[in-house]
Amino acid sequence: MGAIVRAMPLPTYDLSAVRSRIPLLRTHVPLNNCSQAPQCDATRAAAGVFLESWNRDGMDWDAWLGEVEAARDEFASLIRADVSDVAVCSSVSQATSSVASSLDFSGTRHHIVASAAEFPTVGHVWLAQARFGAEVRWVPVRDGGTLVEDYASMVDERTAVVSACHGYYQTGFKQDVSAIAEIAHQQGALVYVDAYQTLGTAPFDAPASGADFVASGTLKFLLGVPGIAFLWVRPGVASNLLPSITGWFARRDPFAFDLQRLDWADGARRLDTGTPPVIEAYVAHAGMAWLREIGLGAIGAWTSHLGRCCVEGARARGMSVLGPTDSACRAPTTAIVCENAAAVEVSLRNRHILVSARGQAVRLAPHFYNTEEDVELALDALAATMSDAP
Ligand SMILES: Cc1ncc(COP(=O)(O)O)c(C=O)c1O
């Protein structure tokens, strides 16, 4: 079946040069970037630099911690922020826990207004604050997205924090962070944004977004591996935080080894914890640097075009797409209704087409290196597999 959306020219970068740097593309069609992006020559080489250093020198903490700082810096530039406002974490779960452990839920301001679009880990961290007095109130998901009006009716003077992911992992729906932040700030509440499903797919300006916290790991659209995540904290907010989840890298000078003194690093570094993830930092730095070189504006234009190809191609094949499909309010991820999604994912993987099943849907998540042909191939295979299903 032919492509439906053909108005977009090729991306402004050299797509075949980009593709030649991702070995997996020789054998696979990876459209599972909402789960795990593929390895590229730069991330592989970066991991190799660490392995070589460890093998050759035994240890070189100056260089290794230098690379953690380089990754912190690269993340800051990805979200147009200052490096002093970025903490290095091990996962979004840990970033969220660190933020939660800094908040006081013991008074009347003890509500957490969280969208039902949060990834479960974020919701679980908020629920775990119940024993400190917190009460979680869920903003409903309606037709695969959320409504700003629902936030307006639920956020009040009892709200300590509003948790609104940027992209919904199930449908790709993008929440309107600025509008939500305005509502929250009018009531004196903080705003926590998990941007794991959107960073790397389009430009994102954390300071301008209105959020107070922006967290993300790197293994999805940022081309990285598990084990490292970043947390941006709005300047001025960090200095009031005393996280009970802490560690020696959150001190002013970790290498003072001052056991009995709990001082706090300036800025977001006070949300660092223990020895940072090093090999992960090498990989994260390389992945994000490549995205920066290509340009997030150009990536955003191409991925949103491919997202439209997914939606229109699915519909042309009689499939149903979950959630709002207006490209202005969605990440490139498209969720296609599919009973038996997990089995379909396996069946497509056996044909070297990588998609990602969640519940009763198969997600196609194209990235900057994918082509319209990739999308067509995956949709044809999906249609064939679905019609084969008993
Ligand atoms: C939006 C979102 N947040 C968080 C996570 C998980 O975060 P972590 O495993 O780093 O805690 C995922 C998926 O793995 C996700 O899609």
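Counting starts from 1 at the beginning of each chain's written sequence and moves along it residue by residue. Per-residue local features of the predicted model are confined to residues with pLDDT of at least 70, and side-chain atom pairs are confined, for both listing and counting, to 80 or more; whole-chain, interface and lining totals are unaffected and use all residues. As a convention, hydrogens and water are excluded, and side-chain values are obtained from all of the structure's heavy atoms.

Student: Sorry, what's going on with the overall build of the chain here?
Tutor: Helix and strand definitions here come from DSSP, where helices need a minimum of 4 consecutive H or I residues and strands a minimum of 2 consecutive E residues; each element is numbered from the N-terminal end. Broken down by element type, the chain carries 12 helices and 12 strands. Considering only C-alpha atoms, the chain reaches an extent of 65 × 60 × 35 Å along its principal axes. Here, two residues are considered to be in contact whenever any of their heavy atoms come within 4.5 Å of each other. Considering only residue pairs separated by 6 or more positions, the chain has 73% of its internal contacts joining residues 24 or more positions apart. Carbon and sulfur atoms make up 53% of the accessible area of the chain, which amounts to about 15800 Å² in all. Note on charges: Lys and Arg go in the positive column, Asp and Glu in the negative column, and His and the chain ends are not counted at all. Charged groups are reduced to one reference atom each: NZ for lysine, CZ for arginine, CG for aspartic acid, CD for glutamic acid. Put simply, the chain has 30 plus and 42 minus side-chain charges, and the middle of one group is 3 Å from the middle of the other. The Shrake-Rupley method, run with a 1.4 Å probe sphere, supplies the accessible areas, and residue values consider only the shown protein chains as cover.

Student: What should I look at first to understand the pattern of salt bridges in this one?
Tutor: Where charged atoms from two side chains of opposite charge come close, those side chains can pair. Salt bridges, as used here, are contacts in which a Lys or Arg side-chain nitrogen is within 4 Å of a carboxyl oxygen on Asp or Glu. Scanning all chains against the criterion turns up 17 salt bridges. One salt bridge connects Asp 380 with Arg 317, and the closest N-O pair in it is separated by 2.9 Å. Taken as a pair, Asp 380 in helix H12 (residues 372–388) and Arg 317 in the loop between helix H10 (296–316) and strand S9 (334–337) lie far apart in primary sequence, 63 residues in all. You can call Arg 317 buried: its relative accessible area is 14%. For Arg 349, the salt bridge goes to Glu 345, with nearest N and O atoms at 2.9 Å. Relative accessibility decides the category of a residue: with a 1.4 Å probe and only protein chains considered, values under 20% of the type maximum give buried, values over 50% give exposed, and everything between is partly exposed.

Student: Which parts of the structure should I look at to understand the site of the ligand?
Tutor: Proximity is defined per residue: any heavy atom of the residue falling within 4 Å of a molecule or strand makes that residue near it. The local shell around the ligand consists of Ser 91, Val 92, Ser 93, Phe 119, Thr 121, Tyr 169, Asp 194, Tyr 196, Gln 197 and Lys 220. Polar contacts here mean pairs of N or O atoms no more than 3.5 Å apart (in protein, one a potential hydrogen donor and the other a potential acceptor; neighbouring residues in sequence count only if both atoms are side-chain atoms). Ser 93 places a side-chain nitrogen or oxygen 2.4 Å from an oxygen atom of the ligand. With respect to the ligand, the side chain of Asp 194 contributes an N or O atom lying 2.6 Å from a nitrogen atom. In the complex, 82% of the free accessible area of the ligand, which totals 400 Å², lies under the protein chains.

Student: Hey, could you run me through the sheet that holds strand S3 (residues 111–115) in this one?
Tutor: The strands that make up a sheet are held in pairs by hydrogen bonds between backbone atoms, and each pair lies either parallel or antiparallel. In spatial order, the strands read S2-S8-S7-S6-S5-S3-S4; together these 7 strands make up an open sheet with mixed pairing. Both edges of this open sheet fall to strand S2 (86–89) and strand S4 (135–139), since each of them pairs with a single strand only. The sheet shows a mean angle of 20° between the axes of neighbouring strands, direction not considered. Bridging between strand S5 (residues 159–163) and strand S6 (residues 190–194) involves 3 bridges; their strand directions are parallel. Bridged to Ser 163 within S6 is Tyr 192. Every axis corresponds to a line fitted to the C-alpha atoms, with the helix fit spanning only the stretch in contact, and the corresponding angles, defined between N-to-C directions, vary from 0 to 180 degrees. Helix H5 (residues 120–127) rests against S3, S4, S5 and S6 of the sheet, and its axis sits at about 145° to S4. Packed on one face of the sheet, helix H7 (residues 177–186) meets S5 and S6 and runs near 155° to S6. Strand pairing requires that DSSP identify at least two bridges connecting the strands.

Student: Looking at this structure, I do not really get the packing of aromatic side chains. What am I missing?
Tutor: When we look at a pair of aromatic rings, we describe it by the centre distance and by the angle of the planes. Under the pairing criterion, centres of Phe, Tyr and Trp rings, with the six-membered ring standing for Trp, must be within 6.5 Å; the plane angle then separates stacked pairs below 30 degrees from edge-to-face pairs above 60, leaving the rest tilted. One pass over the structure, following the stated rule, counts 17 aromatic pairs. Judged by centre distance (5.9 Å) and plane angle (90°), the rings of Phe 249 and Phe 255 are edge-to-face. On the basis of relative accessibility, which here comes to 13%, the residue Phe 249 falls in the buried class. For Phe 255, a relative accessible area of 46% translates into the label partly exposed. Ring geometry for Phe 255 versus Phe 257: centroids 5.9 Å apart, planes at 80°, classification edge-to-face. Either the NZ atom of lysine or the CZ atom of arginine qualifies as a charge over a ring when it sits within 6 Å of the ring centre and within 35 degrees of the ring normal. A cation over an aromatic ring shows up here: Lys 220 above the ring of Tyr 196, its NZ or CZ 4.8 Å from the ring centre.

Student: Got a minute to help me understand the packing of helix H2 (residues 41–57) against helix H9 (residues 278–294) in this structure?
Tutor: Helix packing geometry: the angle between the two helix axes and the distance between the axes. Between H2 and H9, whose axes approach to 8 Å, the crossing angle comes to 150°. By the angle between their directions, the pair H2 and H9 is classed as roughly antiparallel. Crossing hand, H2 versus H9: right-handed. Here H2 contributes Ala 42, Thr 43, Ala 46, Ala 47, Val 49, Phe 50 and Leu 51 to the contact with H9, which in turn contributes Val 278, Ile 279, Tyr 282, Val 283, Ala 286 and Gly 287. Between 65 and 115 degrees an angle is taken as roughly perpendicular, under 35 as roughly parallel, over 145 as roughly antiparallel, and anywhere else as oblique. In this scheme the handedness of a crossing depends on how the near helix is turned from the far one: anticlockwise by less than a right angle means left-handed, clockwise means right-handed.

Student: Just checking my understanding: could you explain the environment of Glu 67 for this structure?
Tutor: Looking at the element boundaries, Glu 67 is found in helix H3 (residues 61–78). With a relative accessible area of 16%, Glu 67 lands in the buried category. Through-space distance from the C-alpha of Glu 67 to that of Thr 108 is 43 Å; in sequence the pair is 41 residues apart. Setting aside residues up to four positions removed in sequence, Glu 67 forms contacts with Ala 281, Tyr 282 and His 285.

Student: I'm lost on the sheet that holds strand S11 (residues 356–358) in this one. Help?
Tutor: Pairing in this open sheet of 3 strands is antiparallel, and the strands run S9-S12-S11 from one edge to the other. Taken across any chain shown, the strands that pair with only one partner, and hence form the sheet edges, are S9 and S11. For this sheet, the mean inter-axis angle between neighbouring strands, taken without regard to orientation, is 35°. Pairing geometry for S9 and strand S12 (residues 361–364), over 4 bridges, is antiparallel. What sits directly across from Ile 336, in S12, is Val 362. Of the strands in this sheet, S11 and S12 are in contact with helix H11 (residues 341–350), which crosses S11 at around 175°.

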